[in-house]
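Now for the letters of each chain:
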Amino acid sequence: MKHHNSGTFPDKLFQRGLIIAALLLMIYGKASAVEDSSYVAFSQVKGWFRLAEAGNTAPVVISASDFEGVKRVAGLFMEDIWKVMGTKPAL
């Protein structure tokens, strides 16, 4: 078996992709386990994460060392929240 060097750019990108995919699967699994198929709630629901409430939004957290694509997607996500809620989250 050939030794795999995990320090190269494609390998790190692949590893990051696997981590993101795993997180999305966990989030999807949590959301699909809820009886109501809605992803949006207008009142507090136990176990759900509040993205925004009463004009306040949760901050978007990324690392300064993240890939440029991660930074770009974070910015686009923040713009989407601003368009819906009228308040742009802190980065």
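Data block above holds the structure.
Computed from a predicted model, the values in this text were never measured in an experiment. Every chain is numbered independently, its residues counted from 1 as its sequence is written. Per-residue local features of the predicted model are confined to residues with pLDDT of at least 70, and side-chain atom pairs are confined, for both listing and counting, to 80 or more; whole-chain, interface and lining totals are unaffected and use all residues. Only hydrogens and water are set aside; all other atoms, that is, all heavy atoms of the structure, feed into the side-chain values.

Caption draft 1: Broad picture of the pattern of salt bridges. The term salt bridge refers to a pairing of a side-chain nitrogen on Lys or Arg with a carboxyl oxygen on Asp or Glu at a separation within 4 Å. Enumeration over the complete set of coordinates arrives at one salt bridge. Taking the shortest distance from any N to any O, the salt bridge between K71 and E68 comes out at 3.5 Å. Taken together, the residues span about one helical turn, with K71 and E68 both in helix α2 (residues 68-85) at a distance of three residues. Each residue is placed in one exposure class: buried if its accessible area under a 1.4 Å probe, protein chains only, is under 20% of its type's maximum, exposed if it is over 50%, and partly exposed if it falls in between. Among the residues examined, E68 registers a relative accessible area of 59% and is labelled exposed. Note on conventions: DSSP H or I runs of at least 4 residues are helices, E runs of at least 2 residues are strands, and numbering of each starts at the N terminus.

Caption draft 2: Molecular detail of the environment of N56. Checked against the element boundaries, N56 lands in strand β2 (residues 56-57). On the basis of relative accessibility, which here comes to 54%, the residue N56 falls in the exposed class.

Caption draft 3: Expanded view of the side chain of T57. You can see T57 is positioned in strand β2. Assessed through its relative accessible area of 19%, T57 is described here as buried. Should any heavy atoms of two residues lie within 4.5 Å, those residues are considered in contact. What T57 contacts, discounting residues up to four positions off in sequence, is L51, A52, I81, T87, K88 and P89.

Caption draft 4: Structural context of α2. Given the number of residues in a helix, its expected span is that number minus one, multiplied by 1.5 Å. In this model, α2 (18 residues) spans 26 Å end to end at C-alpha, consistent with the 26 Å of a helix rising 1.5 Å per residue. Among all positions in α2, only A74, M78 and I81 are buried. Viewed along the axis of α2, the buried residues span an arc of 60°, placing them on a single side of the element. Turned more than 90 degrees off the buried face of α2, the exposed positions are E68, R72, V73, K83 and V84. The elements touched by buried residues of α2 are β2. Within two residues after α2, G86 carries a phi angle of roughly 80°, on the positive side. Summarising the geometry, the arc corresponds to the directions from the helix axis toward the C-beta atoms.

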